[in-house]
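Single-letter residue listing:
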Amino acid sequence: MDKNNWDIGLRLKLFFSTFLMLLAFYIILLIIIPGNNFDFQHDIDWKFLIILSVIFGFFGANRYKKIKIEIPIVDKAGFEALLRDCVQYTRLKIISQDNDVFLLKPKLGWTELWLLNEKVTVTVEENQAIIIGPGIYVEQLKIMLNAFL
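Residues numbered from 1 in each chain as written. Predicted model: local features only at pLDDT ≥ 70, side-chain atom pairs only at ≥ 80, totals over all residues. Heavy atoms only, no water.

Draft legend 1. Geometry of the packing of aromatic side chains. Scanning all chains against the criterion turns up three aromatic pairs. Taken together through their ring pairs, the aromatic side chains of F15, F16, F19 and W46 make up a single cluster. (Phe/Tyr/Trp six-rings, centres within 6.5 Å; stacked < 30°, edge-to-face > 60°.)

Draft legend 2. Region of the structure containing the sheet that holds strand 1 (residues 66-72). Overall, antiparallel pairing links the five strands, which are arranged 1-5-4-3-2 in an open sheet. Both outer strands of the open sheet, strand 1 and strand 2 (92-98), are each paired with one neighbouring strand and no more. The sheet shows a mean angle of 20° between the axes of neighbouring strands, taken without regard to direction. Direction of pairing for strand 3 (residues 101-106) relative to strand 4 (residues 120-124): antiparallel, over a ladder of four bridges. In the strand pairing of strand 4, F102 is matched with V122. Running at roughly 145° to strand 5 (residues 128-134), helix 6 (residues 135-148) makes contact with strand 1, strand 2, strand 3, strand 4 and strand 5 of the sheet. (Pairing = 2+ DSSP bridges. Helix = DSSP H or I, 4+ residues; strand = E, 2+ residues; numbered from the N terminus. Axes fitted to C-alpha atoms, helices over the stretch in contact; angles between N-to-C directions. Contact = heavy atoms within 4.5 Å.)

Draft legend 3. Quick look at the nonpolar core. Among the nonpolar cores identified, the biggest contains 25 residues, and F79, L83, V120, V122, I131, L141 and L145 are the most heavily contacted of them. Among residues more than four places away in sequence, those in contact with L141 are L83, V87, L92, L104, V122 and I131. Judged by nonpolar contacts, the second largest core, of seven residues, contains F19, L22, I27 and I44. (Core = buried A, V, L, I, M, F, W, Y, C linked by side-chain atoms within 4.5 Å. Buried < 20%, exposed > 50% of the residue type's maximum accessible area, 1.4 Å probe, protein only.)

Scope: geometric values only; no functional claims are made or implied.
Right under this line is the structure:
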């Protein structure tokens, strides 16, 4: 899939999921408020919901763009142990490990339920580690690793 198509698809998914979540929250609040006769067409502020959905959906998708970073390392085995320790303090978990490739997946979150089926791949080579995945998770992992390197 082309990178621009991926961005548009992700932005639309985030827009619709945010819209549905806000709509459900708005309806629940209107039903809970005592003495309020709920009218679906007149009580919901559709402009407000759409504006918030656009803000969170279209502009929030930048956090989930796929990025690639390279981290120089000295000790391959030491880095793998450090990676396992650092992953425990992030929103990621290791789902598989082959030779020198770690596959990480975000722990349960609302965007991970159906929006973002992306995984973070960490490839450990002799002189560097290559981390590829959604920007929000790659940056979080990079910060943790840089704190201990």
